[in-house]
Structures are given as structure tokens and as C-alpha cells.
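The primary structure of each chain is shown beneath.
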Amino acid sequence: MDLILQAALDERALSHLYRRRLTHSGPQKPLLQVEGESLLAFCSNDYLGLAADLQVVSALTRAAYEYGCGGGASHLVCGHSQAHHQLEEELAAFTGRERALLFSNGYMANMGVITALTHASDAIFQDKLNHASLIDGGLLSRATFNRYPHLNYDVLEKRLIQSQANRKLVVSDGVFSMDGDTAEIDRLSRVCQSHNAWLMIDDAHGFGCLGENGGGVAEVYRASQAQLPILIGTLGKAFGTSGAFVVGSHALIETLIQFARPYIYTTSLSPAIAEATRVSLSLIQAEGWRRQKLQALIAYFKNGCQALNLPLMPSSTPIQPLQVGGSQQALKISHALREKGILVTAIRPPTVPDGQSRLRVTLTALHDFTHLDRLLDALSDLAPLFVEPVERQS
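Since this is a predicted model, take the numbers as computed values, not measurements.

Some remarks on the confidence of the model for the protein chain
Per-residue confidence for the protein chain averages 95 on the pLDDT scale, and 98% of its residues sit at or above 70. The low-confidence segment residues 388–394 (pLDDT under 50) makes 17 contacts with residues lying over four places distant or belonging to another chain.

What about the side chain of R348?
If you trace the backbone, R348 turns up in the loop between β13 (346–347) and β14 (357–362). At 11 Å, D354 is the nearest oppositely charged side chain to R348, a buried residue that forms no salt bridge. Within the local environment of R348, its side chain forms a polar contact with the backbone oxygen of H16, the two atoms lying 2.8 Å apart. Those residues in contact with R348, other than ones at most four positions away along the chain, are H16, L17, Y18, R19, S327, L331 and S357.

Topic: the packing of aromatic side chains
What the rule picks out here adds up to six aromatic pairs. By way of ring pairs, the aromatic residues F94, F207, F239 and F245 are connected into one cluster.

A closer look at the nonpolar core
In this structure, V170 and F301 are the most contacted members of the largest nonpolar core, which totals 80 residues. Those residues in contact with V170 that lie beyond four places of it in its chain are F125, Y148, L156, L160, L188, C192, A197, W198, L199 and M200. Residues A143, M200, I232 and I257 belong to the second largest nonpolar core, which totals 23 residues.

Some points on the pairing of strand β10 (residues 244–248)
Burial of β10 is extensive: five of the five residues sit out of reach of the surface. Neither face of β10 is open: one carries A244, V246 and G248, the other F245 and V247, and all of them are buried. Pairing of strand β4 (residues 99–103) with β10, which is carried by five bridges, proceeds in the antiparallel orientation. Among the inter-strand pairings, R99 is bridged to a residue of β10, identified as G248.

A word on the sheet that holds β14
The three strands are arranged β11-β14-β13 in an open sheet whose pairing can be described as antiparallel. Of all the strands in the sheet, the pair left with one neighbour each is β11 (319–325) and β13. Bridge analysis of β13 against β14 gives two bridges, and the strand direction is antiparallel. The residue bridging A346 from the neighbouring strand is L359, located in β14. Running at roughly 25° to β11, helix α13 (residues 289–307) makes contact with β11 and β14 of the sheet. Across the sheet, helix α14 (residues 327–339) is in contact with β11, β13 and β14; its angle to β14 comes to roughly 35°.

Things to note about the sheet that holds strand β5 (residues 123–127)
Here seven strands make up an open sheet; going across it, the order is β4-β10-β9-β8-β7-β5-β6 and the pairing mixed. Each having just a single partner strand, β4 and β6 (144–148) make up the two edges of the open sheet. The mean inter-strand angle of the sheet, taken between neighbouring strand axes irrespective of direction, is 20°. Examined bridge by bridge, β5 and strand β7 (residues 168–173) share four bridges and lie parallel to one another. Bridge assignment links A123 to a residue of β7, and that residue is K168.

Definitions and limits used
Residues numbered from 1 in each chain as written. Predicted model: local features only at pLDDT ≥ 70, side-chain atom pairs only at ≥ 80, totals over all residues. Heavy atoms only, no water. pLDDT = per-residue confidence, 0-100. Contact = heavy atoms within 4.5 Å. Helix = DSSP H or I, 4+ residues; strand = E, 2+ residues; numbered from the N terminus. Buried < 20%, exposed > 50% of the residue type's maximum accessible area, 1.4 Å probe, protein only. Lys, Arg positive; Asp, Glu negative; His and termini not counted. Salt bridge = Lys/Arg side-chain N within 4 Å of Asp/Glu carboxyl O. Polar contact = N/O pair within 3.5 Å; in protein donor to acceptor, adjacent residues only side chain to side chain. Phe/Tyr/Trp six-rings, centres within 6.5 Å; stacked < 30°, edge-to-face > 60°. Core = buried A, V, L, I, M, F, W, Y, C linked by side-chain atoms within 4.5 Å. Pairing = 2+ DSSP bridges. Axes fitted to C-alpha atoms, helices over the stretch in contact; angles between N-to-C directions.

Okay, structure coming up:
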């Protein structure tokens, strides 16, 4: 067995696609202690800088003394605490939905929703660049599975018209995690309503960052529960904690409680994490300066890249990808940045399509302009290593 497995590992390494974990110590902050080095990091999804916020940490500590560390059981046995219940109610109010349901992580939420809502007589339509959890949920469902070209809603509409499925579920990221661009929620909603399809949006990277109150793409597009009936968010990014949630109608949430296997058969999220998340949710809404600073940093970085003629992909979110092309070249630039004390991860296939490897720069509210100047200076030195972006294939 080991010889067969090692051969596949060797092939991956030869293709410059081998992944290695980095071990860090200390909290998620711009200066990250990684394997004995202090590196200026631009690869965290802690967009609002809440993962190590003292108010969030204090809430976690207090709740750990009150509830202990673990959830103890699944929600449907004896793992549903008051902390979980209050967080669900507050998430529902925050998003303007009837109810919310917590999951242990975003992957499980997406898998659980898709497989609970679709059957063999149904059809699922997904954006080609959706997150792996959404794609896997579609593949594991017994429904007919379709993938339309990225943001091409004309093709989506044609396929919806052609479909004779009982239920039609359209699934898209809100903010696309590797590109940083966003779905057009208003147009998606109109297409779905015109063809009797359900719309599901995973806004893992939008919540906290987009909208005046941090409500994500649903707030930006003012999408009501009727216009956007299935909305998903994760808590391990802008919220700074861990877990995920689904918000929608009473009937949707009850259906998931009864039929979503990843919810039914998994130990609940730690109640202490739920209590910490309640604090981070309040900070997301009350401390708009975090989003304002983030937008200022994004604008500054984009202007700097434009001045250097770097191949920055179009994005107005904290995800600012620099297109490279080949996997080997992306690794080379990433390693060169690390030698300069800067950590930016090279993103390679299968996370992104072949020929579209990139450096995924992510900004947080804890960064400052001197951090960006240091990154831009380093990128300026390495500019000759970048190649023209490879045109995306539909």
C-alpha cells in the first residue's frame, strides 16, 4: 500500500503541487511566529482582526468556566446549550431571517444543506468556481449536477429553462474565495424566481467585510429572505472564532434539523466558542471602523499594484489575488517573499484551475499602511517574476 501511495505523493511533488503545513505559535496577527521566524503575514482570513481580540478572548474564557470545553453530544441529544440557542437567535436577527442553525464548520454546513434539500429527481446548478465544499455537496447528492461558467447567468438561465427537474437548486459563493469577486445577487435572484428555482448563497468571505453593518452580499444587495432563501456563513473568518450557520425560514431550518446528516450526527460546536462568537457578532455590528480601515487598505494596495503594473485580479474585497500562471513560478515568488520576511501562500491546482496559480494576498483590519509598503516594496523587487495572467476558460 505504502509504495502505491508514495508514488502518487511523488507525482504531486514533481508537479509542484505538494502541500506542506506551516506551524506557527501565538495569535493570528500580522506578525506571525512561524517555525522560529517572525513573518509579516498576508494569508489569514481573520479579516476584521477579531480572532485575538481581548473582548472575544475574555468571553471565550468566561464561557469555558461556565460550560466547559466541549459540546458533549450532538444538538439533538444533549449538546444544544443556551449559548448555542442565543447565538442562533442573534444571527437570525442580524441577517433579517426567521431562524438560524449552527453547524460545526462551513464544509459540513454546505454538504448538509445541499444533500438535505435535493433528491434523485432534482437538479443542482453551481458556479464553476464555487468552493470545494459546495461542489462536493453537489456531487454527493443524488441530483443531476450542472456547473455553469463563472458568473455567466445567461448560460445558467438557459439550463434552468431546459431542466425538467422537480426541484431546482442554484448554488453560488457570495465572495469567491480564490478570486475575491462577488456574485450578482440581484440578478441571480431574478433568474431563480423566474424559473422556480431555489437560491443558495455561501457568503463565508462576505459576512463581516461587506455591507454597512457587515451583513455581507445579502446586505449589499438588500436581498430579503424571499429573494435569497438559503444563506450560509462561516464563523472562522471575519467572526474570528469557528463554526458556521445557515439562516432562512422556519420551514428551512426545521428541514435541516430533521434531514441534514452532518448536523444530526455531529457533536455540537463548543458552547464557549458560541459565547465568544456572540461578542464578535456584536463587535462586527458596532465597530464599523474595522470595515472602513479594511476598505482603505484595499484601495491603497490596489493603487500600489497598479503603479507597479502587477497582475492583480479585479476584487474590491480583502482577497487580493496576484495572477502568476504556473505552479512552479507561484512557489518561487512565495519563497522569495518569505526570504524577505513576508508570508503569502501560493495557491495552486486543484484549488484553482490549471495555469491560474496565484499569490492570494489577504488583508485584515490589523494591518497598517507600513505593512503594505513593505509588501509592495518586496513585490516591486520581484515584479520580473510575474507573468501575464492566463485567460480564464469557461
